[in-house]
Amino acid sequence: MADYREAPLATRPKTLDPAEYFNLSLDQRRAEEERAGLRAQLKRQYQMQLNNPHRKELIEDPALTRWVYARTNPYNHFRATKKTSLLGGLFGVVPLFVLYYVLKTDRLCLTP
C-alpha cells in the first residue's frame with residue numbers, strides 16, 4: 001500500500017484510506033474476526049460435505065435455493081418503484097408511440 005498513488009481526478013477508495021483501514025476500534029475488529037470465523041466454519045462444513053466419499057444425498061445450499069426460487073418467481077418479489085416505472089415506460093410505452101409516429105409520417109409522405 002505504500003506505493004499507491006492517487007489519481008488526480010479521483011478520490012482515494014475508502015478501503016485504502018489508512019485512517020479507516022488501520023484505525024479500527026476493538027469492537028469493529030472483533031466483529032470482523034467473528035464474521036471471518038463464521039465464514040470459515042461454513043466453508044469448512046461445506047467442504048467436508050462436498051468431499052465426503054460416502055455421500056449419497058445432494059448437498060443443500062440454502063442461499064442457492066433462495067436464489068433459484070427468486071429467479072423462478074420474479075413477480076412475487078417485484079416492487080414498483082420510480083426506477084422500475086420509468087424503465088417500463090421507456091422500454092414498453094415509448095417505443096410504441098415512436099413506431100406509430102414513424103409509420104404514420106412515412107405513409108403521409110408517400111401519398112401523392
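Given the structure is predicted, the values throughout are model-derived calculations rather than measurements.

A. A look at a nonpolar patch on the surface. A surface patch of nonpolar side chains, amounting to about 810 Å² of accessible area, comprises Leu-86, Leu-87, Leu-90, Phe-91, Val-94, Val-98, Tyr-101 and Val-102. Tracing the sequence through the fold places Phe-91 in helix H4 (residues 82–110). The class for Phe-91 is exposed, based on a relative accessible area of 69%.

B. View of the pattern of salt bridges. Applying the stated criterion to the full structure yields one salt bridge. For Asp-27, the salt bridge identified is with Arg-30, shortest N-O distance 3.3 Å. Here Asp-27 pairs with Arg-30, and both are found in helix H2 (residues 26–50), just three residues apart, close to one helical turn. A relative accessible area of 57% places Asp-27 in the exposed class. Since its relative accessible area comes to 45%, Arg-30 is described here as partly exposed.

Calculation criteria
- Residues numbered from 1 in each chain as written.
- Predicted model: local features only at pLDDT ≥ 70, side-chain atom pairs only at ≥ 80, totals over all residues.
- Heavy atoms only, no water.
- Patch = residues over 30% accessible without salt bridge, like charges linked within 9 Å, V, L, I, M, F, W, Y side chains within 5 Å.
- Areas by Shrake-Rupley, 256 points an atom, 1.4 Å probe, with all protein chains shown as cover.
- Salt bridge = Lys/Arg side-chain N within 4 Å of Asp/Glu carboxyl O.
- Helix = DSSP H or I, 4+ residues; strand = E, 2+ residues; numbered from the N terminus.
- Buried < 20%, exposed > 50% of the residue type's maximum accessible area, 1.4 Å probe, protein only.

Keep in mind that these numbers describe shape and distance, not what the molecule does.
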